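# Structural description and commentary
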Amino acid sequence: MNIETRDSPPFRVILLSGDVDLHSSPQARQSILDSLKTGKPLLVDLSGVSYMDSSGVASLVEGYQTARKQGLEFGLAAPAGPAMSVLKLARLDKVFPIHASLEERLARG
Amino acid sequence: MQPLLAREFPAYTSALTEIRAAVREACLRSGCDEETIAAWVLAVNEACMNVIQHAYHFAEGQALRIEVGLAGDELVTLICDNGIPARIEDLQPRALDDLRPGGLGVHFIRELTDTMAYLLPGDGWQNRLRLGKRIDTTGAAATSQGKEPA
């Protein structure tokens with residue numbers, strides 16, 4: 001798994017790619033929680049995720065709940081097939097704000 | 001059962017990539033379609049995660065064994081370990097409207113399999129989880145009643 005973070009004001013953006021599984025998801029979780037500590041709304045781009053298991057989903061849920069407690073926006077962008085499959089399996093595709101692409105959400109400001 | 005895979009793996013999170021690749025390769029030889037294979041790999045991955053997390057508590061030097069095979073039109077996988085046995089309450093899926101991290105693994109396994117059962121200890125393994133799913137090896141996956149494929 002690879003994690004890239006960047007600022008696209010007003011958002012903090014995390015780009016996850018590769019396999020997000022029990023081995024790598026603790027890093028994804030930490031990156032999400034650290035990003036939320038900046039107090040900025042967070043977008044997590046999943047377009048490069050080739051595999052995600054329940055531990056990856058749990059990291060996203062924890063981030064979403066942490067953001068809500070802080071009154072911050074938390075959105076997912078462009079979940080690729082494997083990531084979208086597990087979000088649907090967990091019935092979370094209707095819970096998370098999901099954007100067609102990172103650019104689409106950023107363009108709306 | 002027609003064996004497709006019978007192998008021990010270290011029960012480490014770092015072995016999950018190799019486990020998924022091995023299960024995927026075995027499923028390919030079974031004649032399953034891609035959708036069924038992806039679902040099965042996820043189900044087996046979740047079961048192995050449970051072994052690593054809950055049976056072995058991430059302890060070093062532990063192993064698990066995976067057997068994949070075909071029994072008629074059923075794709076069968078055994079996941080064996082010698083850790084702490086799962087409790088009945090651990091095998092119940094939680095309500096999905098209870099939005100919280102964790103607890104999704106059993107839900108995933110139940111959704112992606114037709115049968116899930118613990119066998120009696122044997123062959124040197126204390127815990128033997130058997131997962132089964134009817135498949136159509138002519139290329140199209142059998143649809144489980146009311147279940148959404150991953």
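Just so you know, these numbers come straight off a predicted model, no measurement behind them.

Turning our attention to the environment of A:Ala78. Residue and element names in this part refer to chain A. Following the sequence through the fold, Ala-78 ends up in the loop between strand S4 (74-77) and helix H3 (81-89). Separated by 47 residues in sequence, Ala-78 and Ser-31 place their C-alpha atoms 19 Å apart. The contact partners of Ala-78, leaving out residues within four places of it in the chain, are Asp-45, Leu-46, Ser-47, Ala-100, Ser-101 and Leu-102.

This part takes up the confidence of the model for chain B. Taken over all residues, the pLDDT of chain B has a mean of 88, while the share at 70 or more is 90%. In the predicted complex, the global pTM is 0.90; the interface-specific ipTM is 0.92.

This paragraph deals with the nonpolar core. With 72 residues, the main nonpolar core has A:Val44, B:Val23, B:Trp40, B:Ala43, B:Cys48 and B:Ile79 as its most contacted residues. If you tally residues by element for this core, the top one is helix H2 (residues 34-55) of chain B, at 14 residues. Not counting the four nearest positions on each side in its chain, B:Ala43 is found in contact with B:Phe108, B:Ile109, B:Leu112, B:Thr113 and B:Leu131.

Turning to the sheet that holds strand S1 (residues 2-10) of chain B, a few remarks are in order. Residue and element names in this part refer to chain B. Reading across from one edge, S1-S2-S3-S5-S4 is the order of the five strands in this open sheet, with antiparallel pairing throughout. Strands at the two margins of the open sheet, each flanked by one partner only, are S1 and strand S4 (115-119). Strand-to-strand, the axes of this sheet are offset by a mean angle of 15°, without reference to chain direction. Pairing geometry for strand S2 (residues 63-71) and strand S3 (residues 74-81), over eight bridges, is antiparallel. Across the sheet, residue Ala-71 finds its bridge partner in S3, namely Glu-74. Contacts from helix H1 (residues 16-30) reach S1, S2 and S3, with the element oriented near 175° to S1.

All names here are of chain B. For H2, spanning 22 residues, the distance from its first C-alpha to its last is 30 Å, which sits close to the expected 32 Å at 1.5 Å a residue. Where burial is concerned, most of H2 is hidden: 18 out of the 22 residues are buried. Of the residues flanking the end of H2, it is His-57, one or two places downstream, whose phi is positive at about 50°.

On to the interface of chain A and chain B. Counting from both sides, the interface comprises 18 residues of chain A and, opposite them, 20 residues of chain B. The set of elements that each furnish at least two residues to the side of chain A that touches chain B consists of helix H2 (54-69) and H3 of chain A. The residue makeup of the side of chain A that touches chain B, split by class, is eight nonpolar, four polar and six charged.

What follows deals with the sheet that holds strand S1 (residues 2-8) of chain A. Residue and element names in this part refer to chain A. Reading across the sheet, the five strands line up as S1-S2-S3-S4-S5 and stay open at both edges, with mixed pairing between neighbours. Two strands close off the open sheet at either side, each with one partner strand: S1 and strand S5 (98-99). Taken together, the two bridges between S4 and S5 define a ladder with parallel strand orientation. Within S5, the position partnered with Leu-76 by the bridge is Ile-98. The strands that helix H1 (residues 25-36) touches are S1, strand S2 (11-20) and strand S3 (42-52); relative to S2, the one it contacts most, it runs at about 175°.

Attention now goes to the pairing of S2(A). Residue and element names in this part refer to chain A. With seven of its 10 residues buried, S2 lies for the most part within the structure. Counting the residues that bridge the hairpin from S1 to S2 gives two residues. Considered for its hand, the β-α-β crossover made up of S2, H1 and S3 is right-handed.

A separate point is H1(B). Residue and element names in this part refer to chain B. Counted at 1.5 Å a residue, the expected span for H1 with its 15 residues is 21 Å, and the 21 Å between its end C-alpha atoms agrees. If you check which residues of H1 are buried, you get Leu-16, Ile-19, Val-23, Ala-26 and Cys-27. The buried residues of H1 occupy one face: seen down the axis, they fall within an arc of 100°. Away from the buried face of H1 by more than 90 degrees, exposed residues Ala-21, Leu-28 and Arg-29 are located. Those residues of H1 that are buried are in contact with S1, H2 and S2.

Calculation criteria
- Residues numbered from 1 in each chain as written.
- Chains lettered and ligands numbered in written order.
- Predicted model: local features only at pLDDT ≥ 70, side-chain atom pairs only at ≥ 80, totals over all residues.
- Helix = DSSP H or I, 4+ residues; strand = E, 2+ residues; numbered from the N terminus.
- Contact = placed C-beta atoms within 7 Å.
- pLDDT = per-residue confidence, 0-100.
- Core = buried A, V, L, I, M, F, W, Y, C linked by C-beta atoms within 7 Å.
- Buried ≥ 20, exposed ≤ 12 C-beta atoms within 10 Å, placed from the backbone.
- Pairing = 2+ DSSP bridges.
- Axes fitted to C-alpha atoms, helices over the stretch in contact; angles between N-to-C directions.
- Expected span 1.5 Å × (residues − 1).
- Nonpolar A, V, L, I, M, F, W, Y, C, P; charged D, E, K, R; others polar.
- Right-handed = clockwise from strand over helix to strand, strands pointing away.
- Arc of directions from axis to C-beta.

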